[in-house]
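# Structural overview
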Amino acid sequence: QVQLVESGGGLVQSGGSLRLSCACSGFTFSSYAMSWYRQAPGRERELVALIFTQGGTTNYADSVKGRFTISRDNAKNTVYLQMNSLKPEDTAVYYCNAGRRSSSGNYYSHWGQGTQVTVSS
């Protein structure tokens with residue numbers, strides 16, 4: 001049974017920090033690229049940060065570059081999102097995603113249930 005369980009969300013003041021975690025099970029974590037997405041009310045879900053399988057390559061949305069850091073621990077099957085200098089516009093539900101394309105071209109994707117991040121001004 002595939003599970004992605006996010007934690008670490010909450011209410012924080014502008015300029016503050018939060019660290020999100022996503023604990024995974026039921027699939028070969030080290031074979032999947034891991035991402036954090038977010039969705040604010042009335043807006044589409046957007047990619048925030050991506051980390052490839054061995055953690056050496058990361059990508060970030062322009063809006064979070066220099067403030068957020070994605071990392072992974074393949075031994076713990078966990079991906080993290082360190083969020084610093086938070087702004088009210090970072091308020092959203094944050095989702096963890098695992099994605100992998102097989103050698104035959106099939107794409108596999110798993111989602112967590114989301115964790116709410118609210119930044120007050």
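The structure this text deals with has already been given above.
## Considering the sheet that holds strand 1 (residues 3-7)
Strand order in the open sheet formed by 4 strands is 1-3-8-7, with antiparallel pairing between adjacent strands. The sheet is open, and its two edges are formed by strand 1 and strand 7 (68-73), each paired on a single side. Ignoring strand direction, the axes of neighbouring strands in this sheet form an average angle of 15 degrees. One ladder, built from 6 bridges, connects strand 3 (residues 18-25) with strand 8 (residues 78-83); its direction is antiparallel. Residue pairing in the sheet places Leu18 in a bridge with Met83 of strand 8.

## Describing the state of the cysteines
Linking two cysteines covalently through their sulfur atoms gives a disulfide. If you walk through the whole model with that rule in mind, you get 1 disulfide. Two residues share a disulfide in this structure: Cys22 and Cys96, whose sulfurs sit 2.2 Å from each other. Between Cys22 and Cys96 the disulfide shows an S-S torsion of about -85 degrees. By sign, it is left-handed. Taken as a pair, Cys22 in strand 3 and Cys96 in strand 9 (residues 92-101) lie far apart in primary sequence, 74 residues in all. Across the pair, Cys96 and Cys22 agree in class, each one buried. The cysteine Cys24 is free of any disulfide, with Cys22 supplying the nearest cysteine sulfur at 3.8 Å.

## Considering the pairing of strand 10 (residues 107-111)
Relative to strand 10, strand 9 is paired through 5 bridges, and the arrangement is antiparallel. Bridge pairing in strand 10 links Ala98 to His110. Two successive antiparallel strands, strand 9 and strand 10, enclose a turn made up of 5 residues, where Gly105 displays a positive phi of approximately 100 degrees.

## A few points about unusual backbone geometry
Glycine aside, a negative phi is what most residues show, and trans is what most peptide bonds show. One non-glycine residue, Asn77, lies in positive phi territory at about 55 degrees. Its identity is not glycine, yet Ser85 carries a phi of approximately 50 degrees, on the positive side. With respect to the helices and strands, Ser85 occurs in the loop between strand 8 and strand 9.

## Considering the pairing of strand 5 (residues 46-51)
The sheet contact formed by strand 4 (residues 33-39) and strand 5 spans 5 bridges and is antiparallel. In the strand pairing of strand 5, Met34 is matched with Ile51. Counted between consecutive antiparallel strands, the loop separating strand 4 from strand 5 contains 6 residues, among which Gly42 sits at a positive phi close to 80 degrees.

## Description of the environment of Arg67
If you trace the backbone, Arg67 turns up in the loop between strand 6 (58-60) and strand 7. The spacing of Arg67 and Ser17 is 50 residues in sequence and 9.4 Å in space, taken between C-alpha atoms. Among the polar contacts listed, one links the side chain of Arg67 to the backbone oxygen of Ser85, at a separation of 2.9 Å.

Cut-offs and rules
Residues numbered from 1 in each chain as written. Predicted model: local features only at pLDDT ≥ 70, side-chain atom pairs only at ≥ 80, totals over all residues. Heavy atoms only, no water. Pairing = 2+ DSSP bridges. Helix = DSSP H or I, 4+ residues; strand = E, 2+ residues; numbered from the N terminus. Axes fitted to C-alpha atoms, helices over the stretch in contact; angles between N-to-C directions. Disulfide = S-S within 2.5 Å. Buried < 20%, exposed > 50% of the residue type's maximum accessible area, 1.4 Å probe, protein only. Polar contact = N/O pair within 3.5 Å; in protein donor to acceptor, adjacent residues only side chain to side chain.

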